[in-house]
Amino acid sequence: MVGRQCPLLEKVLDPRAYPTAARVGTAVGTAHGAAYSSEHAWEFGLSRVLDGLAALIDRRTDPTETKPQYGLGRL
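Since the structure is predicted, the reported quantities are computational estimates derived from the model, not experimental observations.

Procedures and definitions
Residues numbered from 1 in each chain as written. Predicted model: local features only at pLDDT ≥ 70, side-chain atom pairs only at ≥ 80, totals over all residues. Heavy atoms only, no water. Helix = DSSP H or I, 4+ residues; strand = E, 2+ residues; numbered from the N terminus. Areas by Shrake-Rupley, 256 points an atom, 1.4 Å probe, with all protein chains shown as cover. Phe/Tyr/Trp six-rings, centres within 6.5 Å; stacked < 30°, edge-to-face > 60°. Lys NZ or Arg CZ within 6 Å of the ring centre and 35° of its normal. Salt bridge = Lys/Arg side-chain N within 4 Å of Asp/Glu carboxyl O. Expected span 1.5 Å × (residues − 1). Patch = residues over 30% accessible without salt bridge, like charges linked within 9 Å, V, L, I, M, F, W, Y side chains within 5 Å. Buried < 20%, exposed > 50% of the residue type's maximum accessible area, 1.4 Å probe, protein only. pLDDT = per-residue confidence, 0-100.

The subject of this paragraph is the overall build of the protein. When its secondary structure is counted, the protein shows three helices and zero strands. From first element to last, N terminus to C terminus, the protein shows the α and β order α-α-α. Here the protein has roughly 6,300 Å² of accessible surface; of this, 61% comes from carbon and sulfur atoms.

This part takes up the packing of aromatic side chains. Evaluated as defined, the whole model comprises zero aromatic pairs. Here the guanidinium or amino end of Arg48 rests over the ring plane of Phe44, the centre of that ring lying 4.4 Å away.

Tallying each qualifying case throughout the model produces two salt bridges. With a closest N to O distance of 3.5 Å, Asp51 and Arg48 form a salt bridge. In this pair, Asp51 and Arg48 are both assigned in helix H3 (residues 38-60), three residues apart and thus about one turn of the helix distant.

Taking 1.5 Å per residue, 14 residues should reach 20 Å; helix H2 (residues 19-32) reaches 20 Å between its end C-alpha atoms and fits that length. Among the residues trailing H2, Gly33 stands out with phi positive, at a value near 70°.

Our focus in this paragraph is a nonpolar patch on the surface. On the surface, a nonpolar cluster with roughly 610 Å² of combined accessible area is contributed by Trp42, Leu46, Val49, Leu50, Leu53 and Ile57. Here Leu50 is to be found in helix H3. Overall, Leu50 belongs to the partly exposed group, its relative accessible area being 46%.

The pLDDT averaged across the protein works out to 77; a share of 72% of its residues lies at or above 70. When mean pLDDT is compared element by element in the protein, H3 scores highest at 91, while helix H1 (residues 6-12) scores lowest at 69.

Shown next as structure tokens:
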């Protein structure tokens, strides 16, 4: 594992018991220089919100749709 959290993570995560988690943690730590990147989290979350809004707008402008879905008829 890589990064400042390495000693703590090694205490709570046995890489033999969770080999996939250990590999993912190492890859993320290497890519971001830490176990967590607030910039990446922000960009990822913003992309999901914008994707959801785009889907809602597309559904609203679809002339074949006759009734609102998911209780969003007044938006």
